[in-house]
Amino acid sequence: MNQRIRRPLVIAMAIAPWALMALPAHAQEVLKIGVNGVMSGEAASWGLVNKYCAETTADIYNAKGGVDIGGKKYKLQIVALDDKNDPKVSVTNAEKLTSEGIKYIIGPNIDTTALAVKPIMERAKAMNFPYAFAKELYKAPANASVLGMVASYQVGPIMYDYLKTKKGVKSIAFLARNESDAKNQQVEGVEAARKLGLKVVADSDSYEPGTKDFMPVMTKVIKTKPDAIVLSGVAPADAPLLNKAARDLGFKGAISTETAQDSKILAQVAGAKANGFMSVGGASTPEIQSDAMKEFAAAYKKRVGEWNDEAGTKVYALELILAVLKKNPAALNDVEVFKKEMATFSMINPFVKGGATKLEFTGSADFGRRSQVGVPLVVNEFQDKDFKTLFVGTIKN
């Protein structure tokens, strides 16, 4: 053999064993979870909290070597995409995520974007966990979506009854952003209020997306002389401006919404003028937090820099997804297995202290089947830069 050929071959043979020793025996399996939601604009807080919660959960599991599913450790990888609150972008994101083989996606955050991706999920044989309230996402024949939190039509009647019995409210006005999901929530809220015997003095007033001066529309609403104003489907960036406008106009009554809010934005923009503002709260309040929830909150603050009360609701989706996968590893690649498990799945809620609260799929009363994450129903009131818990309940199943 030619020496010029033999020498490199000998060197290569000598190096090869050392090179192989430097490589790991096998690469760790990776489980990708998608997040598709609004991460910019007036509603950015909703999608960003989804993203941060998923990433925080991944941080906790990955720091411990990954999540154990079927005796195998998986590293969690979160693939998060901003849909800019645009149905077309949300569809593109869903197609991208499912094309990567991702079976479980958290989001989107509003009705229009969630409904837009519904056929993508069904066609790709994937599942998503929206924070949108349109019932057609969760009722048969739809079968690819699971509601990740409490819906407006579930919490609304409870809030209105509280206003009626505890605050003496007799008349109520509804104001919504002029887009389909907020207007739908307005219609549902009006219906619920009337069933409770409240006098609805304004049932269809709205404002355009991008509005910054809310004085004109709020003046019109206040002229109807309501005891309370409901801001249907209000985005976190709009809520403080609406509260401020109402108080600047001299309104003294209650103001509420059935959507989750950001206390930091309320404090920065409206300050004390947002005091008393009622909203859906995080489902793991300080009063009921377990050690696991405290660990999550600390990890969330480490990643994000600060806590957001809404994270107490959005911590649940990924944890429940992983719990079902642990119970039946076949669901890793087959969402039909996951759907079958949903009907009977139940576990101790890891984020509520005491070990007596169950975490399961719920929603039968509203959707005819268990297609909702059964998070605790929490109502908050903003007071002096932060939220205070008014009460904690459960969703009827």
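In this convention, every chain numbers its residues from 1, walking through the sequence in written order. Per-residue local features of the predicted model are confined to residues with pLDDT of at least 70, and side-chain atom pairs are confined, for both listing and counting, to 80 or more; whole-chain, interface and lining totals are unaffected and use all residues. Side-chain numbers here rest on the full set of heavy atoms in the structure, without hydrogens or water.

1. Focus on the overall build of the protein
Line of reasoning, step 1. On a plain count of helices and strands, the protein comes out with 14 helices and 15 strands.
Line of reasoning, step 2. Overall size of the protein, expressed as C-alpha extent along the three principal axes, is 100 × 40 × 40 Å.
Line of reasoning, step 3. Note on classification: 1.4 Å probe, protein chains only; a residue is buried when its accessible area is under 20% of the maximum for its type, exposed when over 50%, partly exposed between these limits. Here the protein, with 397 residues, has 52% of them falling under the buried criterion.
Line of reasoning, step 4. A contact between two residues is defined here by any heavy atoms of the two lying within 4.5 Å. Pairs at least 24 apart in sequence give 66% of the contacts found in the protein among residues at least 6 apart.
Line of reasoning, step 5. Only the protein chains shown count as covering a residue, and every accessible area follows the Shrake-Rupley method with a 1.4 Å probe. A total accessible area of about 17300 Å² is found for the protein, and carbon and sulfur atoms account for 54% of it.
Line of reasoning, step 6. Here the protein contributes 52 positive and 42 negative side-chain charges, whose respective centroids are spaced 3 Å apart. Strands here are runs of E lasting at least two residues and helices are runs of H or I lasting at least four, both read from the DSSP assignment and numbered beginning at the N terminus. Here the positive residues are Lys and Arg and the negative ones are Asp and Glu; neither His nor the chain ends is included. Throughout, a charge is located at the NZ atom of Lys, the CZ atom of Arg, the CG atom of Asp or the CD atom of Glu.

2. Brief notes about the nonpolar core
Line of reasoning, step 1. Here, the term nonpolar core denotes a set of buried Ala, Val, Leu, Ile, Met, Phe, Trp, Tyr and Cys residues that are joined through side-chain atoms within 4.5 Å. One finds Tyr 104 and Phe 338 to be the most contacted residues of the largest nonpolar core, which totals 85 residues.
Line of reasoning, step 2. In terms of residue count, the dominant contributor to this core is helix H12 (residues 316-327) (nine residues).
Line of reasoning, step 3. If we skip the residues at most four places from it in the chain, Phe 338 touches Tyr 104, Met 127, Phe 129, Ile 321, Val 324, Leu 325, Ala 331 and Phe 361.
Line of reasoning, step 4. One finds Leu 175, Val 221, Ile 222 and Ala 246 within the second-largest nonpolar core, a separate group that totals 24 residues.

3. Let's talk about the pattern of salt bridges
Line of reasoning, step 1. Salt bridge criterion: a side-chain nitrogen from Lys or Arg within 4 Å of a carboxyl oxygen from Asp or Glu. A full pass over the atoms with the stated rule returns 23 salt bridges.
Line of reasoning, step 2. The shortest N-O distance in the salt bridge between Arg 303 and Glu 55 comes to 3.1 Å. In this pair, Arg 303 is assigned in helix H10 (residues 291-304) and Glu 55 in helix H2 (residues 44-63), connecting sequence segments 248 residues apart.
Line of reasoning, step 3. Owing to a relative accessible area of 38%, Arg 303 belongs among the partly exposed residues under this scheme.
Line of reasoning, step 4. Here Glu 100 and Lys 96 are joined by a salt bridge, their closest N and O atoms 3.4 Å apart.
Line of reasoning, step 5. The exposure class of Lys 96 is partly exposed, given its relative accessible area of 42%.
Line of reasoning, step 6. Beyond isolated ion pairs, a larger network of salt bridges with shared partners links Glu 42, Arg 177, Glu 179, Lys 212 and Asp 238.

4. A word on the pairing of strand S14 (residues 377-383)
Line of reasoning, step 1. Burial analysis of S14 places six of its seven residues in the buried class, the great majority of the element.
Line of reasoning, step 2. Being paired, for any two strands, means DSSP has found at least two bridges between them. Bridge count for S14 against strand S15 (residues 386-393) is seven bridges, and the pairing is antiparallel. Residue pairing across strands places Gln 383 opposite Asp 386, the latter belonging to S15.

5. Side note on unusual backbone geometry
Negative phi values dominate among residues other than glycine, just as trans dominates among peptide bonds.
Line of reasoning, step 1. Here the residue pair Gly 107 and Pro 108 is connected by a cis peptide bond, since its omega of 0 degrees sits within 30 degrees of zero.
Line of reasoning, step 2. Tracing the chain through its elements places Pro 108 in the loop between strand S4 (104-106) and helix H4 (111-124).
Line of reasoning, step 3. The backbone of Asp 384 sits at a positive phi, close to 55 degrees, despite the residue not being glycine.
Line of reasoning, step 4. Mapped onto the secondary structure, Asp 384 falls in the loop between S14 and S15.

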